[in-house]
Amino acid sequence: MLIRIKKKSDAQENQVTSESIYLNRRQFMQRAALSTVAMTGAANLSAAIQQGNTRAVSKQLASHFSSIASTSYGADEKVTPYDVAASYNNFYEFGYGKDDPAKLSENFITDPWNITIEGAADNTGVFALEDVVKDYQLEERIYRLRCVEAWSMVVPWIGVPLSSVLKKFKPTSNAKYVYFETLHDPRQFPGQRGGNIEWPYREGLTIAEAMNPLAFLSVGMYGSILPNQNGAPIRLVVPWKYGFKSIKSIVKIRFVEEMPQTTWNMLAPSEYGFYANVNPGVDHPRWSQKQERRLPGGFLLPNIIDTEMFNGYQEEVGHLYTGLDLVKNY
Ligand SMILES: Nc1nc2c(c(=O)[nH]1)N[C@H]1C(S)=C(S)[C@@H](COP(=O)(O)O)O[C@H]1N2
Ligand SMILES: [Mo]
C-alpha cells in the first residue's frame with residue numbers, strides 16, 4: 001500500500017520501500033505465514049538494512065503490524081544502519097553514555113502499557129497502548145533525526161500521525177499546547193535515581209505543531225517494534241526539531257492552555273528553548289549548529305554535511321512560524 005504525499009521532501013515513488021526489506025528471509029517467511037504482510041516493490045535492498053532486526057512484535061501490537069503502509073517520506077534518503085540507530089542513543093533514564101540505553105534497557109517492561117490523556121479535551125482517561133493506535137493505519141516514514149549535539153541519522157519509523165491520535169481525544173479550544181511525559185519508574189530507570197534532571201522527562205508542542213502532518217507517534221522502526229533504547233513502546237518523532245523534542249516511552253499526554261515546562265529548557269534555558277527548531281543560523285552557546293555529523297562516522301568528510309533550516313522540512317512546517325522571531329524563540 002502506498003500513501004501518496006506530495007511534498008518537496010518526497011522522492012520518486014519507484015524508490016518507495018516496504019517493511020519487507022528490513023526482514024531477513026527466514027523471519028519474513030514466518031511473518032508472511034502468520035499474516036498478510038504489506039508489500040510493495042522493494043527494489044534496492046541495502047545489506048545494512050537487510051540485517052535489520054529480528055525482534056518479535058509484542059502481543060499488544062502484533063495484529064497492527066501485519067499491515068504497514070509505505071509512504072514516500074524520505075524515500076531518497078540513505079537509511080542509517082539499524083545497528084547504529086539502535087546502539088547510539090540518548091535516553092538519560094538509562095544513563096548518560098550513548099551505549100547505556102542499549103546495554104541497560106533489555107528488561108524494560110513495555111507490555112502492558114497505558115497512556116493517560118488529561119486536560120483540555122472531551123475524551124480523557126487511561127487508555128491501553130493498543131487502543132490509542134489501533135484505529136489508524138500504521139505507516140512507514142523515513143525521517144532525518146538531527147540531535148542538538150550536531151549528529152544526525154536517517155530512521156525508517158513506523159507509526160501513526162500524531163494529529164489522528166490527538167483528534168480522537170477531542171481537544172477543546174483551550175488546548176493551546178500539548179504536553180508529554182515519559183514513564184517515571186526509578187526501579188526500571190537507573191538514571192531516574194539521581195542526577196540533575198527533574199523526572200519524569202517532559203516535552204511539549206504547540207497545538208498547531210502537534211497537528212502538523214509531519215508530527216508522528218512511532219511504535220516501531222526498521223520493520224518491527226521499537227527497541228527499548230529507542231523509546232518503546234511509543235515515542236514522539238518531530239523531525240524538524242532537535243532530537244530532544246522527540247520524547248520516548250510516553251505515558252501521559254495533557255492538553256494545556258499555557259506553554260508547558262520541558263526538560264532541557266528547565267535544565268538550561270539559555271541553551272535549549274521550547275521551540276528547538278533545527279536552525280543552522282542559531283548556534284548553540286557552546287558549539288556551531290551550521291553543520292552536522294551524519295552517522296555512522298566521525299567528524300570527517302563526507303560525514304560532515306550542512307544543517308538545513310527545519311532539518312530540511314521548511315516547506316511542510318515553515319508556515320507554523322510566520323511572524324515569530326526564530327532567533328529569540330530558539
Ligand atoms: N524520555 C526521553 N526521551 C528522549 C531522550 C531522553 O533522554 N529521555 N533523549 C532525546 C534526545 S536528546 C534525542 S537526540 C533522541 C534520540 O533518539 P534515538 O535514541 O532514538 O536516536 O531522543 C530524545 N528523547
Ligand atoms: Mo539529542
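Now for a quick tour of the structure. Along every chain, residues carry numbers that run from 1 in the direction the sequence is written. The naming scheme follows written order: chains are lettered A onward, ligands numbered 1 onward. With pLDDT at 70 or above as the cut-off, local features in this predicted model cover only qualifying residues; side-chain atom pairs require 80 or more to be listed or tallied, and sums for whole chains, interfaces and linings still use all residues. Note: side-chain values were computed over all heavy atoms of the structure, leaving out hydrogens and water.

So, about the overall build of the chain. The number of helices and strands found in the chain is ten helices and 14 strands. Buried residues in the chain amount to 57% of all 330 residues. Taking contacts inside the chain between residues at least 6 apart in sequence as the whole, the part at least 24 apart equals 73%. Approximately 14200 Å² of the chain is accessible, and the part contributed by carbon and sulfur atoms is 53%. Segments assigned H or I by DSSP are reported as helices when at least four residues long, segments assigned E as strands when at least two residues long, and all are numbered from the N terminus. When a residue's accessible area, from a 1.4 Å probe over protein chains only, is under 20% of the maximum for its type it is buried; when over 50% it is exposed; and in between it is partly exposed. Residues are treated as being in contact if the distance between any of their heavy atoms lies within 4.5 Å. Areas reported as accessible are Shrake-Rupley estimates using a 1.4 Å probe. Residue values count occlusion only from the protein chains shown.

The next subject is the layout of surface pockets. Lining residues are those with an atom within 4 Å of a point, where the points come from a 1 Å grid over the protein atoms alone and group into cavities, where a 1.4 Å probe fits but cannot get out, or pockets, open sets with protein on both sides within 12 Å along at least five of seven lines. Grid points are joined across faces, edges and corners, and a volume is the space filled by probe spheres set on the points. Estimated volume of the second largest pocket: approximately 400 Å³. Taken together, 25 residues make up the lining of the second largest pocket; nearest its centre are Asn90, Phe91, Tyr201, Gly243 and Phe244.

Our next topic: the environment of Asn265. Take Asn265: it is sitting in helix α9 (residues 263-267). Remark: the alpha-carbon pair of Asn265 and Ala276, spanning eleven residues in sequence, is separated by 9.4 Å. From its side chain, Asn265 meets the backbone oxygen of Tyr272 in a polar contact 2.7 Å long. Side-chain atoms alone can form a polar contact between residues adjacent in sequence; in general such a contact is a pair of N or O atoms within 3.5 Å, and within protein one must be able to donate a hydrogen while the other accepts it.

Note on ring pairs: Phe, Tyr and Trp rings are taken, using the six-membered ring of Trp, and paired if centres are within 6.5 Å. Classes follow the plane angle, with under 30 degrees stacked, over 60 edge-to-face and the rest tilted. The final tally for this structure, using the stated rule, is 20 aromatic pairs. Where Tyr143 meets Tyr313, the ring centres are 5.9 Å apart and the plane angle is 75 degrees; that geometry is what we call edge-to-face. Of this pair, Tyr143 sits in strand β5 (residues 138-146) while Tyr313 sits in the loop between β14 (304-306) and α10 (314-317), and the two are 170 residues apart along the sequence. On the basis of relative accessible area, Tyr143 is assigned to the buried category, the value being 0%. Through pairs of rings, three or more aromatic residues link up here, namely Phe91, Phe94, Phe108, Trp113 and Phe189. Lying across the ring of Tyr313, Arg144 places its NZ or CZ 4.3 Å from the centre. The side chain of Lys245 reaches across the aromatic face of Phe274, ending 4.2 Å from its centre. When the NZ atom of lysine or the CZ atom of arginine is within 6 Å of a ring's centre and also within 35 degrees of its normal, the charge is said to sit over that ring.

When we say a residue is near a molecule or strand, we mean one of its heavy atoms is within 4 Å of it. Close contacts around ligand 1 come from 18 residues, with Asn89, Tyr92, Glu93, Arg235 and Lys248 the closest. Contacts to ligand 1 include Lys248, whose side-chain N or O atom sits 2.6 Å from an oxygen atom. In isolation ligand 1 has 530 Å² of accessible area, and contact with the protein removes 98% of it. Taking a 2 Å distance to the grid points as the criterion, the majority of the atoms of ligand 1 fall inside the second largest pocket. Ten residues, namely Ala, Val, Leu, Ile, Met, Phe, Trp, Tyr, Cys and Pro, are considered nonpolar, four, namely Asp, Glu, Lys and Arg, are considered charged, and the remaining ones, Gly among them, are considered polar. Partitioning the shell around ligand 1 into residue classes produces nine nonpolar, six polar and three charged. In this scheme, a molecule is assigned to a cavity or pocket if more than half of its atoms are within 2 Å of the grid points.

When charged atoms on two side chains of opposite charge get close, those side chains can pair. Any carboxyl oxygen of Asp or Glu that lies within 4 Å of a side-chain nitrogen of Lys or Arg is treated as forming a salt bridge with it. Using the criterion set out here, one finds 18 salt bridges in the structure. For the salt bridge of Glu118 with Lys252, the shortest nitrogen-to-oxygen distance reads 3.5 Å. One end of the pair, Glu118, is in strand β3 (residues 114-119); the other, Lys252, is in strand β12 (residues 250-256), and 134 residues separate them in sequence. Between Arg202 and Glu198 there is a salt bridge; the shortest N-O distance is 3.7 Å. Look at the salt bridges and you will find they share partners, linking Glu77, Arg144, Arg146, Glu292 and Arg294 into a network.

Turning our eyes to something else, we now look at the pairing of strand β8 (residues 202-206). The element β8 is largely enclosed, with a buried count of five among its five residues. Side chains Arg202, Gly204 and Thr206 of β8 all project onto a buried face; the interleaved residues Glu203 and Leu205 project onto the opposite face, where all are buried too.

Moving on: the nonpolar core. Core analysis: the largest hydrophobic core is formed by 86 residues, its most contacted members being Leu162, Phe180, Met221, Ile234, Leu236, Trp240 and Phe255. The greatest single-element share of this core, amounting to seven residues, is contributed by strand β6 (residues 151-161). Beyond its immediate chain neighbours, meaning those up to four positions away, Phe255 contacts Ile117, Glu118, Gly119, Ala120, Ala121, Leu166, Phe169, Pro171, Ala175, Tyr177, Val178 and Ile207. Buried Ala, Val, Leu, Ile, Met, Phe, Trp, Tyr and Cys residues form a nonpolar core when they are joined through side-chain atoms within 4.5 Å.

To continue, consider the sheet that holds strand β7 (residues 177-182). Here a strand pair is declared whenever DSSP counts at least two bridges between the two strands. Sheet architecture is open: five strands sit in the order β4-β3-β12-β7-β8, paired in mixed fashion. Each edge of the sheet is formed by a strand with only one pairing partner; in this case those strands are β4 (125-128) and β8. Mean inter-strand twist for the sheet, computed between neighbouring axes without regard to direction, equals 20 degrees. Lines fitted to the C-alpha atoms define the axes, with helices restricted to the stretch that makes contact. Angles between their N-to-C directions range from 0 to 180 degrees.

Let us now look at the environment of Thr206. Looking at where Thr206 falls in the secondary structure, it is placed in strand β8. Considering only alpha carbons, one finds Thr206 and Tyr177, 29 residues apart in sequence, at a separation of 4.2 Å. Those residues in contact with Thr206, other than ones at most four positions away along the chain, are Lys176, Tyr177, Phe274 and Tyr275.

In this structure, Pro112 follows Asp111 across a cis peptide bond, with omega equal to 5 degrees. When you line up the elements, Pro112 lands in the loop between α5 (100-104) and β3. With an omega dihedral of 0 degrees, the bond running from Trp199 to Pro200 counts as a cis peptide bond. Within the fold, Pro200 resides in the loop between β7 and β8. If you check the backbone angles, Lys170 has positive phi at about 50 degrees while not being a glycine. Position of Lys170 relative to the elements: it lies in the loop between α7 (162-168) and β7. Backbone geometry places Tyr222, a non-glycine residue, at a positive phi of 50 degrees. Of note, Tyr222 is situated in the loop between β9 (216-221) and β10 (224-225). According to the relative accessible area criterion, Tyr222 is buried, its value standing at 0%.

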